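Fold and geometry: a report
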Amino acid sequence: MGFLDTLFGRSKPVKPDLDQLFGVPSAALTLEAAAGFLPTGLGAVCFAAVEGAAFVQVEQQVRALLDADTARGGVPVEASKDGYGYSWLLARHSPEELPELVNDLHAVNSELEANGFGPQLLCSLVAFRNAQGQPLALVYLYKRGTFYPFAPMPGGGERRNSPLELQVNAALGNDLRLEKDLSRWFPVWGAPGL
């Protein structure tokens, strides 16, 4: 970091650390004990699609990788686009298979990154729900290397349960690298799996 960066308060961006995703299963135990949330078995990766044959080929490789266990009863990955034009890949597992779900999310991120499409990666999320039906996602920001909770209010509409998000954030401080800048806790309205 140079003198001018220091003078103007700029800092180096955090390098993505995809291995942070492997902390989600232990964080899930804390989340269950502290707030009663259980994994749903759903997780998704969001990325900005790029035009061109190279990206299409990588996306097909990723889907083939995740669909490899469909012959043994696994559920194929679902691709979709949200209302903002971002692409999502949704992976499904049983709620007890959280480590396998995290492995799938890590594989998608790693494959896109290894093929030069890291800048297109936006976030990954793992979905949870409590007994009252409150949805919650642990969102991993690829470009920041951090997590934050996102809790949309049940019943639709674009409203958040901010007190719950702060409660979950406080509970998971020892389990995950959490995003300290609350302005980066972007809502992921329409995310598949929530």
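Placed above this text is the structure.
Residues numbered from 1 in each chain as written. Predicted model: local features only at pLDDT ≥ 70, side-chain atom pairs only at ≥ 80, totals over all residues. Heavy atoms only, no water.

Observations concerning the packing of aromatic side chains
Under the criterion given, the structure shown has 3 aromatic pairs. Both rings, one in Tyr-140 and one in Phe-147, keep their centres 5.1 Å apart while their planes meet at 55°; by these two values the pair is tilted. This pair shows no difference in class: Tyr-140 is buried, exactly as Phe-147 is. Plain terms: the ring middles of Phe-150 and Trp-189 are 5.2 Å apart, the flat faces sit at 75° to each other, and that makes the pair edge-to-face. Residue Phe-150 is located in strand E6 (residues 146-150), and its partner Trp-189 is located in the segment after helix H5 (162-171); the two are separated by 39 residues in the primary sequence. (Phe/Tyr/Trp six-rings, centres within 6.5 Å; stacked < 30°, edge-to-face > 60°. Buried < 20%, exposed > 50% of the residue type's maximum accessible area, 1.4 Å probe, protein only. Helix = DSSP H or I, 4+ residues; strand = E, 2+ residues; numbered from the N terminus.)

Brief notes about the nonpolar core
With 35 residues, the main nonpolar core has Val-24, Leu-31, Phe-128, Leu-138, Phe-147 and Leu-172 as its most contacted residues. Put simply, the parts of the chain that give this core at least two residues each are helix H2 (24-35), strand E1 (38-47), helix H3 (53-66), strand E3 (87-92), helix H4 (98-114), strand E4 (121-129), strand E5 (135-141) and H5. The leading source of residues in this core is H4, at 6 residues. Ignoring anything within four residues of it in the chain, the contact list for Leu-138 reads Val-24, Leu-31, Ser-124, Leu-125, Val-126, Phe-128, Phe-147, Tyr-148, Pro-149, Val-168, Leu-172 and Leu-176. Membership of the second largest hydrophobic core comes to 17 residues, among which are Ala-44, Cys-123, Val-188 and Trp-189. (Core = buried A, V, L, I, M, F, W, Y, C linked by side-chain atoms within 4.5 Å. Contact = heavy atoms within 4.5 Å.)

Observations regarding the pattern of salt bridges
For the coordinates displayed, the defined rule picks out 4 salt bridges. Across the pair Glu-78 and Arg-92 runs a salt bridge whose closest N-O atoms are separated by 2.8 Å. A residue pair is termed long-range when its members are at least 10 positions apart, and Glu-78 in strand E2 (residues 78-81) and Arg-92 in strand E3 qualify at 14 residues. A salt bridge links Glu-165 to Arg-160, with the shortest nitrogen-to-oxygen separation between them at 3.1 Å. When its relative accessible area of 3% is taken as the criterion, Glu-165 is described as buried. (Salt bridge = Lys/Arg side-chain N within 4 Å of Asp/Glu carboxyl O.)

A look at the environment of Leu-18
Looking at where Leu-18 falls in the secondary structure, it is placed in the loop between helix H1 (3-7) and H2. It is 9.4 Å that separates the C-alpha atoms of Leu-18 and Leu-105, two residues lying 87 residues apart in sequence. Setting aside residues no more than four positions away along its own chain, Leu-18 makes contact with His-106, Asn-109, Ser-110, Glu-113, Tyr-140 and Tyr-142.

With respect to H2
Helix length check: H2 (12 residues) gives 15 Å between terminal C-alpha atoms against 16 Å at 1.5 Å per residue, within 8%. Turning to H2, its buried residues are Val-24, Ala-27, Ala-28 and Leu-31. Viewed end-on, H2 has its buried residues packed into an arc of 110°, placing them on one side of the element. Structural note: H2 exposes Leu-29 and Ala-33 on the side pointing more than 90 degrees away from its buried face. Where the residues of H2 are buried, they touch H4, E4, E5, E6 and H5. Gly-36, located one to two residues past H2, shows a positive phi value of around 75°. (Expected span 1.5 Å × (residues − 1). Arc of directions from axis to C-beta.)

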